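Take a look at the letters that make up each chain.
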Amino acid sequence: MLRPRRLSIWPTLPLRAYRSARLASLPFPLEDPRHRVFARARHGLWHGIHALGIRAGDVVVAPAYHHGSEIEALERAGVVCRFYDVDDALRPDEDALVRLLSSEVRALYLIHYFGFPQNVARWRDWCTSHGLLLIEDAAMAFLSQSDGRPIGSTADLAIFCLYKTFALPDGGALFCSRPTAYPRGDRRFGVMQAALRSGSWLAQRSRAVATVHAAIGGNREPDWGRD
């Protein structure tokens with residue numbers, strides 16, 4: 001469920017967008033039955049980690065160059081992050097990765113930086129040969145492809161930030177090979193919900209609106225177990 005939980009730097013949708021006709025088809029992963037939509041992609045990552053059976057204390061090897069919110073989601077799920085270096089082209093250093101492997105490692109966390117895809121086929125094969133799960137962070141790579149296939153389509157888990165591609169106030173998508181339960185929350189939508197989302201954007205530009213926004217709970221910490 002998409003709900004305003006905190007201030008957003010992204011502009012809200014114009015009102016005419018809510019009257020737009022449905023598309024004949026949606027891009028991956030939005031038509032795959034294994035996808036779920038959350039307020040933020042990091043929430044989907046938290047749910048996907050549990051769905052894959054990664055338990056507290058398990059290790060995920062993740063890039064040292066990261067955003068931070070994805071690492072928070074992993075740590076909130078009880079995962080131990082073991083960081084690897086990337087080269088000048090932001091590709092994983094395979095030698096560094098091999099040195100980090102141990103029996104506790106369950107997955108490789110791969111980030112597609114700035115919308116440019118990594119060599120997915122290579123890292124899919126690498127994970128398979130080492131008995132690891134592949135997690136693809138496509139937060140900035142929604143709609144991107146690698147070898148003619150949508151980014152994330154061969155991953156065990158992939159996350160996408162919809163609002164980094166479209167003019168949305170929020171929205172993240174999860175693709176997981178072991179589907180999670182649907183997010184719990186109020187699925188209703190109406191004038192009030194649209195107004196609250198617009199208010200989240202306006203709160204950054206007006207002290208008066210920000211005061212009201214905070215008073216009605218717009219800055220609440222998200223409940224990771226809900227959406």
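The present account deals with the structure reproduced in this document.

**Some thoughts on the environment of leucine 45**
Inspection of the secondary structure assignment puts leucine 45 in helix 1 (residues 41-51). For leucine 45, a relative accessible area of 0% gives the class buried. Separated by 112 residues in the primary sequence, leucine 45 and leucine 157 have C-alpha atoms spaced 7.9 Å apart. Setting aside anything within four residues of it in sequence, one finds leucine 45 in contact with Glu70, Ala73, Leu74, Tyr109, Ile135, Leu157 and Ile159.

**Here we look at the pattern of salt bridges**
For the coordinates displayed, the defined rule picks out 6 salt bridges. Of the charged contacts in the structure, one is a salt bridge between arginine 106 and aspartate 58, with a shortest N-O distance of 3.1 Å. With arginine 106 in strand 4 (residues 105-111) and aspartate 58 in the loop between helix 1 and strand 2 (59-63), this pair connects stretches of sequence that are 48 residues apart. By relative accessible area, which is 25% here, arginine 106 ends up partly exposed. As a salt-bridge pair, glutamate 94 and arginine 122 come within 2.5 Å of each other at their nearest N and O atoms. Residue glutamate 94 is located in helix 3 (residues 94-100), and its partner arginine 122 is located in helix 4 (residues 120-129); the two are separated by 28 residues in the primary sequence. Its relative accessible area of 37% is what places arginine 122 among the partly exposed residues.

**A few points about the sheet that holds strand 4**
If you trace the 7 strands from one edge of the open sheet to the other, you get 1-9-8-5-4-2-3, paired in mixed fashion. Edge positions in the open sheet fall to strand 1 (35-38) and strand 3 (80-84), since each of these has one partner strand only. Each strand axis lies, on average, 20° off the axis of its neighbour in the sheet, ignoring direction. Direction of pairing for strand 8 (residues 157-161) relative to strand 9 (residues 172-176): antiparallel, over a ladder of 5 bridges.

**Thoughts on the nonpolar core**
Leu45, Ile49, Leu74 and Tyr109 are the most contacted members of the largest nonpolar core, which totals 28 residues. If you list the elements that add at least two residues to this core, you get helix 1, strand 2, helix 2 (69-76), strand 4, strand 5 (133-138), strand 8 and strand 9. Sort the elements by how many residues they give to this core and helix 1 lands first, with 4 residues. Counting 13 residues, the second-largest nonpolar core is a separate cluster that includes Leu100, Val105, Leu110 and Trp126.

**Points about the pairing of strand 8**
For strand 8, the tally of buried residues reaches 5 of 5 residues, placing the bulk of the element in the interior. Residues of strand 8 alternate between two faces, with Leu157, Ile159 and Cys161 on one and Ala158 and Phe160 on the opposite face, all of them buried. Where strand 5 lies against strand 8, 4 bridges are found, and the strand directions are parallel. Following the sheet pairing, glutamate 136 is matched in strand 8 by alanine 158.

**Quick look at helix 2**
Three or more residues of helix 2 are buried, namely Ser69, Glu70, Ile71, Ala73 and Leu74. Along its buried surface, helix 2 packs onto helix 1, strand 2, strand 3, strand 4 and strand 5. Within two residues after helix 2, glycine 78 carries a phi angle of roughly 90°, on the positive side.

Conventions adopted
Residues numbered from 1 in each chain as written. Predicted model: local features only at pLDDT ≥ 70, side-chain atom pairs only at ≥ 80, totals over all residues. Heavy atoms only, no water. Helix = DSSP H or I, 4+ residues; strand = E, 2+ residues; numbered from the N terminus. Buried < 20%, exposed > 50% of the residue type's maximum accessible area, 1.4 Å probe, protein only. Contact = heavy atoms within 4.5 Å. Salt bridge = Lys/Arg side-chain N within 4 Å of Asp/Glu carboxyl O. Pairing = 2+ DSSP bridges. Axes fitted to C-alpha atoms, helices over the stretch in contact; angles between N-to-C directions. Core = buried A, V, L, I, M, F, W, Y, C linked by side-chain atoms within 4.5 Å.

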